[in-house]
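Read off the chains here:
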Amino acid sequence: MDLYYNILSPPSRATLLLGEALQLKFNLISLDVHRKDYVNAEFKKINPQHTVPTLVVEDGVAICEPGAILIYLAERFATGSSGLYPPADPLRRAIVNQRLLFECGTLYKCIFLYYTPVVLERASPVEADRQKLEEAVSVLDGFLRDSAFVAGKGLTIADYSLVCTVSMLVVLKFDLARYEHLRRWYERCKGVITGYNELTQRAITMFQTWVEEESTNR
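Below, the structure is looked at part by part. Please read all numbers here as calculations on a predicted model, not as lab measurements.

Some thoughts on the overall build of the protein
No. 1: Counting its regular elements, the protein contains eight helices and four strands.
No. 2: Its helices and strands in sequence order give the protein the pattern β-α-β-α-β-β-α-α-α-α-α-α, from N to C terminus.
No. 3: Taken against the 2.2 N^0.38 rule, which gives 17 Å for 218 residues, the C-alpha radius of gyration of the protein at 17 Å falls within 12% of a compact globule.
No. 4: Relative to its full complement of 218 residues, the protein shows a buried share of 47%.
No. 5: In the protein, of all internal contacts separated by at least 6 residues, the share reaching a separation of at least 24 is 65%.
No. 6: A total accessible area of about 11400 Å² is found for the protein, and carbon and sulfur atoms account for 53% of it.

If you want it as structure tokens, here you go:
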């Protein structure tokens, strides 16, 4: 399977980590934002959305949305006993799916909207966007009030997705002090997701380099 990715992308890291947990070997194709690999004609033929991660499977079929990629990998390669995507349980799967949709439609969106002008220094941060981000983080903290992981007692693909996105908040120095349930979960995930710390550190180093380059090029 070809995996088009960028290590700075939290969804890309979630896919890489799940692949490691499932002992999969991807043909990794890193897309460079500086070369504008995302928008070149060749990649847009594969994925008209020109987003990462993009997983190309049988017969050249491309799966483009991060949640769909995680679900596909878990359904195809995870054993039922792993619990990563609960089999034959519509309610438990619905909870996992809801958390995945919350990550891409709410939390990730709020982080992007608030921090893009802050990181790139193109504009002052918008207070309304800050409030929306805090509300989203509070919702995630609420999900974790009575459970060890975001969709219940066990680790699922939703945790892979959300922990990589939350790592952005940590890197960007968002204050998580008042979100005690989230902080406990984050530390728990760091301890049980194989390869998380190493991959995240690589991303942090690359992110810092990228920010410095962007500042120099302005």
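Overview of the packing of aromatic side chains
No. 1: The final tally for this structure, using the stated rule, is five aromatic pairs.
No. 2: For the pair F174 and Y179, a centre-to-centre distance of 6.2 Å together with 25° between the ring planes defines the contact as stacked. Residue F174 shares its accessibility class with Y179, and that shared class is buried.
No. 3: Across the ring face of F143, the terminal group of R99 is positioned such that the distance to the ring centre comes to 3.9 Å.
No. 4: In this arrangement the basic side chain of R188 is found over the ring face of F149, its NZ or CZ atom lying 5.9 Å from the centre.

Some points on the pattern of salt bridges
No. 1: Scanning all chains against the criterion turns up six salt bridges.
No. 2: For R76, the salt bridge is made with E58, and the minimal N-O distance between the two is 2.3 Å. Separated by 18 residues along the polypeptide, R76 in helix α3 (residues 66-77) and E58 in the loop between β3 (54-56) and β4 (62-63) bring together distant segments of the chain.
No. 3: Taking relative accessible area as the criterion, R76 reaches 43% and is therefore assigned partly exposed.
No. 4: Among the salt bridges present, the one from E134 reaches R178, with a minimum N-O distance of 3.7 Å. Of this pair, E134 sits in helix α5 (residues 127-143) while R178 sits in the loop between α6 (157-171) and α7 (180-192), placing them 44 residues apart in sequence.
No. 5: For E134, a relative accessible area of 23% puts it in the partly exposed group.

Section: the sheet that holds β4
No. 1: Within the open sheet, the four strands sit side by side as β2-β1-β3-β4. Their pairing is mixed. Either end of the sheet is taken by a strand with one partner, and the two such strands are β2 (27-30) and β4.
No. 2: Across two bridges, the pairing between β3 and β4 is antiparallel. Note on β4: the bridge partner recorded for V56 is A62.
No. 3: Contacts from α3 reach β3 and β4, with the element oriented near 40° to β3.

Observations regarding the packing of α6 against α7
No. 1: Relative orientation of the contacting elements α6 and α7 amounts to 110°, with a least axis distance of 10 Å. Taken together, the axis directions place α6 and α7 in an arrangement best described as roughly perpendicular. In this structure, α6 meets α7 at a crossing whose hand is left-handed. Across from D159, L162, V163, V166, S167 and V170 in α6, the residues of α7 making contact are L182, W185, Y186 and C189.
No. 2: Tallied by class, residues from the contact of α6 with α7 come to eight nonpolar, one polar and one charged.

Focus on the packing of α5 against α7
No. 1: Where α5 meets α7, the axes come as close as 7 Å, and the angle between the chain directions of the two elements is 70°. One element, α5, and the other, α7, form an angle in the roughly perpendicular class. At the point where α5 passes α7, the crossing takes the left-handed sense. Listed contacts from α7 to V137, L140 and D141 of α5 are E180, H181, L182 and W185.
No. 2: For the contact of α5 with α7, the residue count by class is four nonpolar, one polar and two charged.

Basis of the calculations
Residues numbered from 1 in each chain as written. Predicted model: local features only at pLDDT ≥ 70, side-chain atom pairs only at ≥ 80, totals over all residues. Heavy atoms only, no water. Helix = DSSP H or I, 4+ residues; strand = E, 2+ residues; numbered from the N terminus. Rg over C-alpha atoms; globule rule 2.2 N^0.38 Å. Buried < 20%, exposed > 50% of the residue type's maximum accessible area, 1.4 Å probe, protein only. Contact = heavy atoms within 4.5 Å. Areas by Shrake-Rupley, 256 points an atom, 1.4 Å probe, with all protein chains shown as cover. Phe/Tyr/Trp six-rings, centres within 6.5 Å; stacked < 30°, edge-to-face > 60°. Lys NZ or Arg CZ within 6 Å of the ring centre and 35° of its normal. Salt bridge = Lys/Arg side-chain N within 4 Å of Asp/Glu carboxyl O. Pairing = 2+ DSSP bridges. Axes fitted to C-alpha atoms, helices over the stretch in contact; angles between N-to-C directions. Parallel < 35°, antiparallel > 145°, perpendicular 65-115°, else oblique. Left-handed = near helix turned anticlockwise from the far one by under 90°. Nonpolar A, V, L, I, M, F, W, Y, C, P; charged D, E, K, R; others polar.

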